[in-house]
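The lines below spell out each chain.
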Amino acid sequence: MLAELDDVGVDRRRGGYSRHVFEPAELALREWFREQAARRGLDVETDRNGNLWAWWPGPGDNAVVTGSHLDSVPGGGAFDGPLGVVSAFAAVDRLRARGVVVARPVAVVAFAEEEGGRFGVPCLGSRLLTGSLDPDRARALRDADGVSLAEAVAADGLAPELLGRDDVALARIGTFVELHVEQGRGLIDRGAPVALGSTVIPHGRWRFSVQGQGNHAGATALRDRADPMVPAAAVVAAARRIAVTYPDARATVGRLVPRPGGTNVIAAAVDLWLDARVPDGSGTRDMVAEIAECARDSAAVEGCSVWLHEESYSDGVEFDPGLRRHMAGAVGDVPVLATGAGHDAAILAAHVPAGMLYVRNPTGISHAPEEFAEPADVNHGAEALAAVLERLTT
Ligand code: GLV
Ligand code: MN
Ligand code: MN
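Every value quoted in this text rests on a predicted model; they were computed, and no experiment measured them.

Caption draft 1: Geometry of the site of ligand 1. The immediate surroundings of ligand 1 are formed by Glu 114, Glu 115, Arg 277, Ala 341, Gly 342 and His 367. Glu 115 places a side-chain nitrogen or oxygen 3.1 Å from an oxygen atom of ligand 1. Gly 342 places a main-chain nitrogen or oxygen 2.6 Å from an oxygen atom of ligand 1. Residue classes in the shell around ligand 1 are distributed as 1 nonpolar, 2 polar and 3 charged.

This is the structure we're talking about:
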């Protein structure tokens, strides 16, 4: 089933896939979702926040919900997100083929903008649904072309004023299980095809906007410059230097945008985004505060100013231990993995019992075209998910 998506959103410039919410590739994937539901005779709906639901045998309370997301990071792999949605449909197929009669409804879900690739806030659809993102703030989010989320949802036929906590949708979720491609080497090292998730570490995104003075690269003496790229570079260097002082921390600057962006032009401004993740308590924000101090020091020396904005923050999450025991009962003695990656399941975990299954990724690479899962492991994952659904619904 995943192969049906091979041609959707191929990014010829960056490599891999770029599938951003409400853009043509992601809209094609939404259409694919609706077709999958129709092919199986499942009721399909789009909720107020742009999340897609397919129901078997029909919508209802205390549902066992499974799925993931269809969007990608820029230039991402084929598996992060779609594997969970495809496996959810495959698991429902397996239960139906076995003649399983479910005592609780099952829903396949595709959450909107999990990666935050277009509007910057990850898990946008699940945060809105659960009320953990202020809808006014969400409506005002803008993509790189200046289009607001309010405009994007309206263009897709949704009502921007209805974005926000959806008690009806939330009340129907009894349990949420997300299957996901593994994003590290955990399963390679353990020689197993499938694992259960235990925890997600705290993580967030911070935008640094550095203002300087645009000028001529040849005609401006070094002493006369206010070059915002210098404090921006200080952030990049400080991120690595400071992160190594926090146990098992991660700090990444994966996106840096100079304006106007010319080889022979001293930039007038640079925006850069820091993705920071520290396993322990308040460590993430503490680490960012240290990095920000380096940015301000460098900006002061260079005659620039720097403005810092926290675009998202998620506390650490431990998935529901009772659900994990049930899942282990269904899938047997498989490894249990903690992860540094964020997921919709971690957002939902604050509201309903949530759990995760990971499928081995033999490259150990994710958010890049090399992300992979062998067909036999994909099959293993779908079977494990079917076993979990069967246990939870019968
Ligand atoms: C999502 O994949 C994230 O952890 O950034
Ligand atoms: Mn991802
Ligand atoms: Mn994902």
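Caption draft 2: Fine view of the pattern of salt bridges. As enumerated under the stated definition, the model contains 21 salt bridges in all. Arg 40 is paired through a salt bridge with Asp 93; the nearest N and O atoms lie 2.7 Å apart. Taken together, the residues Arg 40 in the loop between helix 1 (24-39) and strand 1 (43-46) and Asp 93 in helix 2 (residues 82-97) connect sequence positions 53 residues apart. Overlapping salt bridges, with partners in common, bring together Arg 94, Arg 98, Glu 383 and Glu 390 in one network.

Caption draft 3: Representation of the coordination of the manganese ion (ligand 2) within the structure. Around the manganese ion (ligand 2), the protein supplies Asp 80 (OD), Glu 115 (OE), Glu 115 (OE) and His 367 (NE2) as donor atoms, at distances of 2.0 to 2.7 Å. Going along the chain, you hit the donors of the manganese ion (ligand 2) in the pattern D-x34-E-x251-H. The metal-metal distance between the manganese ion (ligand 2) and the manganese ion (ligand 3) is 3.6 Å, with Asp 80 serving as a donor to both. Of this pair, Glu 115 sits in the loop between strand 4 (106-111) and helix 3 (124-130) while His 367 sits in the loop between strand 15 (354-359) and helix 12 (375-393), and the two are 252 residues apart along the sequence.

Caption draft 4: Inspection of the sheet that holds strand 11 (residues 269-277) at higher detail. Spatially, 9-11-7-12 is the arrangement adopted by the 4 strands of the open sheet, whose pairing is antiparallel. With one partner strand each, in any of the chains shown, strand 9 (250-259) and strand 12 (305-314) form the two edges of the open sheet. Going across the sheet, the axis of each strand differs from the next one's by a mean of 15°, ignoring polarity. Two strands pair when backbone bridges link them, and strand 9 and strand 11 are joined in this way by 9 bridges, in the antiparallel orientation. Residue pairing in the sheet places Leu 256 in a bridge with Leu 272 of strand 11. Its contacts with the sheet place helix 8 (residues 229-243) against strand 7 (203-211), strand 9 and strand 11, and it is angled at close to 175° to strand 9. Running over the sheet, helix 9 (residues 283-302) touches strand 7, strand 9, strand 11 and strand 12 and is turned about 165° from strand 12.

Caption draft 5: View of helix 9. In this model helix 9 runs 29 Å from its N-terminal to its C-terminal C-alpha over 20 residues, within 8% of the 28 Å that 1.5 Å per residue would give. Inspection of helix 9 places Gly 283, Thr 284, Met 287, Val 288, Ile 291, Ala 292, Ala 295, Ser 298, Ala 299 and Glu 302 among the buried residues, and these make up the whole buried set. Looking one or two residues past helix 9, Gly 303 carries a phi angle of roughly 75°, positive in sign.

Caption draft 6: Fine view of the packing of aromatic side chains. For the coordinates displayed, the defined rule picks out 7 aromatic pairs. Ring geometry for Trp 32 against Phe 89: centres 6.1 Å apart, planes inclined by 85°, an arrangement best described as edge-to-face. Remark: Phe 89 occurs in helix 2 and Trp 32 occurs in helix 1; sequence separation between them is 57 residues. Judged by relative accessible area, which is 6%, Trp 32 ranks as buried.

Caption draft 7: Molecular detail of the coordination of the manganese ion (ligand 3). In the first shell of the manganese ion (ligand 3), the protein supplies His 69 (NE2), Asp 80 (OD) and His 180 (NE2), at 2.0 to 2.2 Å from the metal. Donor residues for the manganese ion (ligand 3) sit on one chain with the sequence pattern H-x10-D-x99-H. Taking relative accessible area as the criterion, His 180 reaches 1% and is therefore assigned buried.

What counts and how
- Residues numbered from 1 in each chain as written.
- Chains lettered and ligands numbered in written order.
- Predicted model: local features only at pLDDT ≥ 70, side-chain atom pairs only at ≥ 80, totals over all residues.
- Heavy atoms only, no water.
- Near = heavy atom within 4 Å.
- Polar contact = N/O pair within 3.5 Å; in protein donor to acceptor, adjacent residues only side chain to side chain.
- Nonpolar A, V, L, I, M, F, W, Y, C, P; charged D, E, K, R; others polar.
- Salt bridge = Lys/Arg side-chain N within 4 Å of Asp/Glu carboxyl O.
- Helix = DSSP H or I, 4+ residues; strand = E, 2+ residues; numbered from the N terminus.
- Donors = N, O, S within 2.8 Å, 3.2 Å for Na, K, Ca; no water.
- Pairing = 2+ DSSP bridges.
- Axes fitted to C-alpha atoms, helices over the stretch in contact; angles between N-to-C directions.
- Contact = heavy atoms within 4.5 Å.
- Expected span 1.5 Å × (residues − 1).
- Buried < 20%, exposed > 50% of the residue type's maximum accessible area, 1.4 Å probe, protein only.
- Phe/Tyr/Trp six-rings, centres within 6.5 Å; stacked < 30°, edge-to-face > 60°.

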